[in-house]
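Coordinates in review
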Amino acid sequence: MVVGTQTDINVILEQDAEQLDEVVVIGYGTTEKTSFTGSATMVNSEQVENIQTANPLAGLEGSVPGLQMTGTSGQPGSSPSINVRGFSSINQSNDPLIIVDGTPFDGQLNAINPKDIESFSVLKDASGTAIYGSRATNGIIMITTKSGKGSQPKINLSARVGVTERAFPEYDRVNASQYYEGMWEGYKNRALSNDATDDEARQLASQNVVAELGNYNAYNVAADQLVGLDGKLNPNAQMLYNDDWQDEMFGTGLRHEYNLSMSGGGEKTDYFLSTGYLNEEGIVDNSGFEKLTARLKVNTDVKPWLRMGANINYGYTESAFMGADGTATSNPFYSTRMMGPIYPVYLRDEKGNYVHDDQGERVYDYGAGEMNGWVRPYAANSNVVATTRLDYNKNRRHNIGARGYVQVSFLNDFKFTSNISTDIFNTSAIENQNKNFGDAASFNGRSTKTGSTAMSYTFNQVLTYQKKIGRHSVSGTVGHEAYKYQYDYLTSTRTGFSVPGMVELGAASSTEYASSYFNEHAIESYFGRAEYNFDNKYFVSGSVRADGTSRFAESSRWGNFWSIGASWRLSEEEFLKDVSWVNELKLRASHGALGNEGVLNVNGSQNYFPWQALYDLGYANNSLSGGYLGNLSNPSLQWEQNISSNIGVDFTLLNRINGTVEYYIRDSKDLIMDKPVAPSLGFDNVISNIGAIRNKGVEISVNADVVQTKDFNWNLGVIWSKNINEIIELESPFIDGNKYLKEGGSIFDFYYVEYAGVDPDNGDALYYQKVKDDQGNLTGERVKTNNYDDALADSREVLGSSMPDFQGSISNTISYKGFDLSILMTFSKGGLIYDATYARLMMPDQGSAMHQDLYDKAWRQPGDVTDVPRIELDENQIARSSSRFLTDASYFGIRNMTLGYNVPVNVVNKMKLGSMRAYVTADNLWYSNERQGLYINPSRGGNTGYGYVPVRTVSFGLDLSF
């Protein structure tokens, strides 16, 4: 090579600091992390792609400080609830705003293919979120989808096949022999309480315990000889049947996932094209999720001054789901857990053999007298195994998203961009209860069909200015945005299906119910942002937004939101220039006011008309329609406001260790809640702006390259966060379920009677009761009582919180030559959970399952020292709601482990491939907590429930590129 008169040239490539700096996606643009004054966590797709999920946001668990997922379900295709930096509202929405490629997203997140995502940007403070104003109180999750790169087309193919099983074992329950013995004891103690002698009580229990349980005798001896006077099972008894409801109900599911993409580009145009398929079977019969996705994204420079782009995606999802939840007997996670172990799934003859129908199929036992006239005392006339297999519950959803933009550059420093987007999703769901057995048998079957169409569009125009003069850099953004959302809903229920196998409404004979409604919501916005940078050391930014929403009356429709932020790169100062081990050190702070217009109905759905006086219709009087006024109006109702302050330090040390430490305070005021009104108005309350709460906390994120060699590398990441919630203003205290809300407390404070143990003389459950003087004033003393209702009346206390002391994650990424291993562990310390499931199993009840602790630890004779009362049937004082069932909510678990191998380049080249990687990955591999069966990921209420248990998924995968 000849340059001038020289033939040998030494070329030294200098690193471009701007190119190496991490890019943060923010509202209506991007910025370098070094210049950003706000709080943001960037997560690349590579950091979360190991998590096997239909919902891309589920992969963020353990990757973002301050981000908490609650209500996680094992139902294939389900979506968890996400909170960023605590709960900013008591009764209204706490969901973050989701932005996809620059505009708000209203579709179903499980319709997005996680493989299409390039990065996530989680914005947490006012400096990053205020430009989105009224919808930014709860943080923002920015999703950026992939674009084409490079000049040559690249094809990526990935396949992943695995199995799913329940991740958490069931609660420890007694077997059949222990069950009969425990129920015998319960019968005996009931007789003693009814003044029988000990001998009489034992005789009555032995003679009648089987009859008490619906006459179900799982052994080959006579009912009155099954349990002896000593309370022990007859040693000569042999089991006739031993059905396990959970073995019948739950199993393993297969999971298949395939993705194909092609990307590339040239000097002026880039493109990304993808398609994906997912089929995940549930661990319960007739549950599963199937998804087909496609995406096309193109960007092109039409002219040197004109750039255009389009991003179109389609997703089809089909979900088979359980038809019931909670404590419904048709909920398999409730019924199979609570069913006593002596009750068969299938009918048996007197020898314990299966009874078959005319087609040779085993006949289900519905516990309604089919088996020798025996009737189950629990869940009679039901069989959850049969119901789940015979009922039909499915929804189908079409999701279409389109985003496009035009960008014009002019006068060197200006850009004008116009974005338009729409998300449309159409859902059709049908729920059929079979005509032969169960709740709808008397109606000859029942079907409910629901159809809905939702559409939103966003249209914005954004003008940006960016100029650098010497050591000064300024930028500005102004814009306008219009947003509209429409939701059209129709449902109908019909009964009377004469033809077997028909589930559509046209096959039914009678209409039981029909309804429809239409909702519409709009927001008009104007916004601006200004940023100044001096010498790449000192940064100042500010933003403002004015939102007008259709949710509120015209007089209070508009709200103004703003933020200011500043940062200082100390590492660029002369006094740190020579400190070689400090590569980056930045101090930043922000402050601002945000809003929350996400008003909810009692059932958690969006309320688009909260201030208006609405009528409840549908109360017909024969042929005349009728209705009544459902609520009072409040034209002065306005936004919930959130004042957010944040201080943070970003650092990089020794070119190996980088991290962030942050402290924040978020004050929410003008909370939207029900305010009590005079009974003379005919209503108990009116929706109003009352109350204020505060969230404050610390977040720490540290990432270190512990070992860096040619063949071996080890990266360690630790995330730690702590949030404190406090109610700082409330008109009057009130009880919200199992919580007590008052000034100075938190929205997570449990409010229960305090359990005082067991009376060693008689096995009574004891509770603390406050002592009053003759005038009814509290003396400050307490006594123990066995009368729960007396303690409940005036002695409940705040007894801990469901908020953990701290939580976080530990990630390890290790590579050796072609092998790589990643382990993500999550943890939470402190806080309490009310184990309502355990409480139910600790209450002796005819026909219902019994926890092993009740059988093993119950009081049995005077002098016994235990915390478990005696077993007694029909005694409602024994297992009442109290602090007895508040349980430590600490846990530690392995969220994901992945082991992979990258085939050497020379081998790959011989195969005419670009790369090849094989791996095995496992989700929810192991968890440790206080009690077997306990899953600690509840909603804000802090209670366990009977939802679809989380699953463990183990898969083998292969990634190829061409």
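This structure is a prediction, so every number in the text was calculated from the model and none was measured.

1. Examining the environment of Pro676
When you line up the elements, Pro676 lands in strand 29 (residues 672-676). With 56 residues separating them in the primary sequence, Pro676 and Ser732 have C-alpha atoms 9.6 Å apart. Apart from residues lying up to four places away in sequence, Pro676 is in contact with Asp684 and Asn685.

2. With respect to the UniProt feature "domain: TonB-dependent receptor plug" (unreviewed entry) in the protein chain
Taking the numbering used here, the UniProt-annotated feature "domain: TonB-dependent receptor plug" (unreviewed entry) corresponds to residues 34-140. Helix makes up 7% of residues 34-140 and strand 25%. Its end C-alpha atoms lie 20 Å apart.

3. Overview of the side chain of Arg588
Tracing the sequence through the fold places Arg588 in strand 24 (residues 582-596). In this structure the side chain of Arg588 is engaged in a polar contact, spanning 3.2 Å, whose partner is the backbone oxygen of Gly38.

4. Details of the pairing of strand 1 (residues 23-26)
Relative to strand 2 (residues 29-32), strand 1 runs antiparallel, the two sharing four bridges. Across the sheet, the residue bridging to Val23 is Glu32, located in strand 2. Between strand 1 and strand 2, which pair antiparallel and follow one another directly, the connecting turn spans two residues, one of which, Tyr28, has a positive phi of 60°.

5. Some thoughts on a nonpolar patch on the surface
Taken together, the side chains of Ile155, Leu157, Leu260, Met262, Leu273, Leu296 and Phe962 define a hydrophobic patch exposed on the protein surface, amounting to about 540 Å² of accessible area. If you list the elements that add at least two residues to the nonpolar patch, you get strand 10 (154-166) and strand 11 (253-265). Considering the arrangement of structural elements, one finds Ile155 in strand 10. Given a relative accessible area of 31%, Ile155 falls into the partly exposed group.

6. A look at the sheet that holds strand 36 (residues 755-758)
Strand order in the open sheet made by the three strands is 36-37-38, with antiparallel pairing throughout. The open sheet has two free edges, formed respectively by strand 36 and strand 38 (778-785), since each of these has just one partner strand. Taken pair by pair, the neighbouring strands of this sheet meet at an average axis angle of 35°, ignoring direction. Bridge count for strand 37 (residues 765-772) against strand 38 is five bridges, and the pairing is antiparallel. Bridge pairing links Gln769 to Val783 in strand 38.

What counts and how
- Residues numbered from 1 in each chain as written.
- Predicted model: local features only at pLDDT ≥ 70, side-chain atom pairs only at ≥ 80, totals over all residues.
- Heavy atoms only, no water.
- Helix = DSSP H or I, 4+ residues; strand = E, 2+ residues; numbered from the N terminus.
- Contact = heavy atoms within 4.5 Å.
- UniProt positions renumbered as here; feature names shortened; annotations may be inferred.
- Polar contact = N/O pair within 3.5 Å; in protein donor to acceptor, adjacent residues only side chain to side chain.
- Pairing = 2+ DSSP bridges.
- Patch = residues over 30% accessible without salt bridge, like charges linked within 9 Å, V, L, I, M, F, W, Y side chains within 5 Å.
- Areas by Shrake-Rupley, 256 points an atom, 1.4 Å probe, with all protein chains shown as cover.
- Salt bridge = Lys/Arg side-chain N within 4 Å of Asp/Glu carboxyl O.
- Buried < 20%, exposed > 50% of the residue type's maximum accessible area, 1.4 Å probe, protein only.
- Axes fitted to C-alpha atoms, helices over the stretch in contact; angles between N-to-C directions.

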